[in-house]
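Fold and geometry: a report
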Amino acid sequence: MFIPTLERQCTSEQREKFLPLCYDYRIIGTYAQTELGHGTFLRGLETTAHYDPNTQEFILNSPTISSIKWWPGALGKTSTHAVVLAQLYTLGKCHGIHPFVVQLRSLDDHKPLRGITVGDIGPKMGFGPNDNGYLKLHKHRIPRTNMLMKYSQVSPDGTYTKPPRSTLTYGTMTFVRVLIVHGSAIALAKASTIAIRYSAVRRQSELRPGEPEPQILSYPTQQHKLFPLLATAYAFHFVQLAMMKIYTDVNDQINNSNFSRIQELHALSSGLKAFTSWVTNAGLEVCRMSCGGHGYSQASGFPRLYADFTPSCTYEGENTVLMLQSARYLVKCVRDARSGKTLPGTVSYLSEDVSAVHSGGSSGRDLSNLDFLISLYKQRASNQVHFASDKVDRGISAGMDLVGALNSASVHLVSAAKAHSHYFIAKTFVESLKLLKASSELQNVLHQLASVYVFEGIAQSSGDFIEDYILSGSEAKTIRQLAVDLLPLIRVNAVSLVDAFSFRDEVLQSVLGRYDGNVYENLFKWAQNSPLNKTDVHPSYHKYLGPLLKRNQSKL
Ligand SMILES: CCCCCCCC/C=C\CCCCCC(=O)SCCNC(=O)CCNC(=O)[C@H](O)C(C)(C)COP(=O)(O)OP(=O)(O)OC[C@H]1O[C@@H](n2cnc3c(N)ncnc32)[C@H](O)[C@@H]1OP(=O)(O)O
Ligand SMILES: Cc1cc2nc3c(=O)[nH]c(=O)nc-3n(C[C@H](O)[C@H](O)[C@H](O)COP(=O)(O)OP(=O)(O)OC[C@H]3O[C@@H](n4cnc5c(N)ncnc54)[C@H](O)[C@@H]3O)c2cc1C
């Protein structure tokens, strides 16, 4: 995050000064924004940067215990520099959060500089190798030119020039949220690879007396656990490509001072980061549990995969908060649509009349047609966004201000943002396959994945579709069965579909997910290498167990 921030927020002179040092690893930096007391509420950050026109320096300070920077990756022991986000004060006025480059440690002996107290925050649930750290600033002075001034400036006499958009400071977070969508796709692909390969190797239980134990991948329940997640990994792969394309397009516009789509990008990246990381987080646990006891072993790779992925739901914007950000924009779009404004591409459906006639009993509609089902996802999203938006409007009519009305409707707003994200993902998956240049055989297999993703997505949220009369109960039941009917077809190619991710064993880090399937021998070898097995009799025997046993034996 240090380098992307410099690349996006530096003037050209600052780029020339700082970036070569980063690219050549002459300095190592972190992104120090979160504090002990604030991570989500950025406007509440307490670190200060007061401009001193006499020396043309900023004085950075951590005025309170809650203002200590806390969590930034590699801050504790590694980084020599940080981008520090602080409240800018000049000529007696506060101008809000701005980014500053601060050197933390000497480039000679790596010791913290004067005015800098820095260290590691201690052991965490995962990310063991990462020294997430704390930083306390004691009236630490930096040159004026260390404030990143691409968008806002402080002149030598202290005059402040404000940015074209205050939220441009938040740009790096948007970029990383887009990366996290990719990270979700990768993590779910890894977990699917481990679980499906192992499920092809593992044989368990005797269905009928005398028959050989079946591969657990042959059980419909095992397929129902894993194949929708496999399809989701493919869906997220295509979604992260689409998300990155939108990010790149909007960022190019921003670089040409066209800020018209910055809100749409923020809303979409927030919703997709939250949706994909939540789904992946839950999916990792389903994959682990589908591997039985060995899934719980470190040898499976799941403990580390989960412990390292799960903070994706928290960092770079806590997921609920990001869903609310997305929903806030959707509510604004409903208002814009009602006032006749044209809406941007990813939300244009909110101005369409997607109201449908209740299908009643036997609808005669083709419930296996993906284009038709995507229209139902659209209808569900539109209904939920309008419902939540109407809640907000009713709150305001009842005398609340906008903030109060948004807060009062926030449970529904999160549901609406989830439905919006889900529609975007399902639509993108189906549309991406249409554009894919692939053999008919491959198209058929990928169509099976897209179908099971779309069917199972409806099955798992059928309440949304039935409550709004988008589907009848019997139609929802039919779609649920369509997902189950696909499972044995996907079974045929399941191992090939995870092999296609091409994770090397060294990357997968899983005995269960080995490409050669040689699990048991390598589990035994792995166990023998466990530190506890360095000696047959563990040293602790002589200190604890031995005396205990001997003392009690003497009583026999
Ligand atoms: C190859 C791929 C594999 C790699 C995968 C892994 C990659 C990543 C791995 C590890 C690195 C990540 C480590 C984690 C790093 C961090 O965690 S850094 C710290 C992250 N912190 C946050 O995200 C803080 C979240 N909080 C906020 O963003 C803001 O406080 C808020 C948006 C929640 C609230 O903003 P605030 O200004 O206080 O209030 P609002 O009134 O809600 O917003 C004001 C308007 O500003 C708009 N806005 C907010 N954010 C943005 C943005 N980013 N871009 C554009 N616009 C934004 C918002 O919509 C409001 O606009 P309107 O007034 O027009 O409605
Ligand atoms: C592994 C890891 C690495 C990190 N790396 C970095 C880094 O490199 N740099 C950095 O600056 N930070 C980093 N962070 C910090 C991270 O960005 C914050 O933890 C994150 O932004 C969440 O903020 P918080 O911790 O204050 O959570 P909080 O906001 O306190 O969340 C707690 C609860 O409050 C709820 N909540 C908060 N606000 C609202 C609201 N307005 N409406 C409804 N509910 C709300 C949340 O939904 C959540 O349930 C890292 C964190 C972790 C875990």
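Residues numbered from 1 in each chain as written. Chains lettered and ligands numbered in written order. Predicted model: local features only at pLDDT ≥ 70, side-chain atom pairs only at ≥ 80, totals over all residues. Heavy atoms only, no water.

**What to know about the layout of surface pockets**
Sizing a probe to match a water molecule and rolling it over the atoms shows the empty space that remains. Computed from the structure, the second largest pocket encloses a volume of approximately 560 Å³. As for the second largest pocket, its lining consists of 25 residues, of which Phe275, Val279, His422, Gln460 and Ser461 are closest to the centre. Secondary-structure elements contributing two or more residues to the lining of the second largest pocket are helix H4 (220-255), helix H5 (262-289), helix H9 (370-397), helix H11 (410-435) and helix H12 (440-460). Considering only residue class, the lining of the second largest pocket consists of 11 nonpolar, 9 polar and 5 charged. (1 Å grid on protein atoms, 1.4 Å probe; cavity = no way out; pocket = protein on both sides within 12 Å on 5 of 7 lines; lining within 4 Å. Points joined across faces, edges and corners; volume = space filled by probe spheres on them. Helix = DSSP H or I, 4+ residues; strand = E, 2+ residues; numbered from the N terminus. Nonpolar A, V, L, I, M, F, W, Y, C, P; charged D, E, K, R; others polar.)

**Some details on empty space enclosed by the protein**
Counting across every chain of the model gives 1 cavity of 30 Å³ or more. Each pocket or cavity is described by its volume, and for the largest cavity that value is around 60 Å³. Of the residues that constitute the lining of the largest cavity, the class distribution is 5 nonpolar, 5 polar and 2 charged.

**Some remarks on unusual backbone geometry**
Look at Ala74: it is not a glycine, yet its phi comes out positive at around 65°. Turning to its location among the elements, Ala74 is positioned in the loop between strand S4 (69-70) and strand S5 (81-90). A relative accessible area of 17% means that Ala74 is categorised as buried. Not every positive phi belongs to a glycine, and Ser502 is a case in point at roughly 55°. With respect to the element layout, Ser502 can be found in the loop between helix H14 (473-499) and helix H15 (505-508). (Buried < 20%, exposed > 50% of the residue type's maximum accessible area, 1.4 Å probe, protein only.)

**Regarding the side chain of Ser326**
Considering the arrangement of structural elements, one finds Ser326 in helix H8 (residues 319-338). For Ser326, a relative accessible area of 1% gives the class buried. Not counting residues up to four positions away in its chain, the partners in contact with Ser326 are Ala267, Gly271, Ala417 and His420. (Contact = heavy atoms within 4.5 Å.)

**Remarks on the pattern of salt bridges**
One pass over the structure, following the stated rule, counts 21 salt bridges. The salt bridge involving Glu7 is made with Arg8; its shortest N-O contact spans 3.8 Å. For Arg8, a relative accessible area of 18% corresponds to the buried category. Linking Arg304 and Asp308 is a salt bridge whose minimum nitrogen-to-oxygen distance equals 3.0 Å. A residue pair is termed a helical-turn pair when its members lie 3 or 4 positions apart in one helix, as Arg304 and Asp308 do in helix H7 (residues 302-309) at 4 residues. Overlapping salt bridges bring together Arg335, Arg338, Asp390 and Asp393 as one network. (Salt bridge = Lys/Arg side-chain N within 4 Å of Asp/Glu carboxyl O.)

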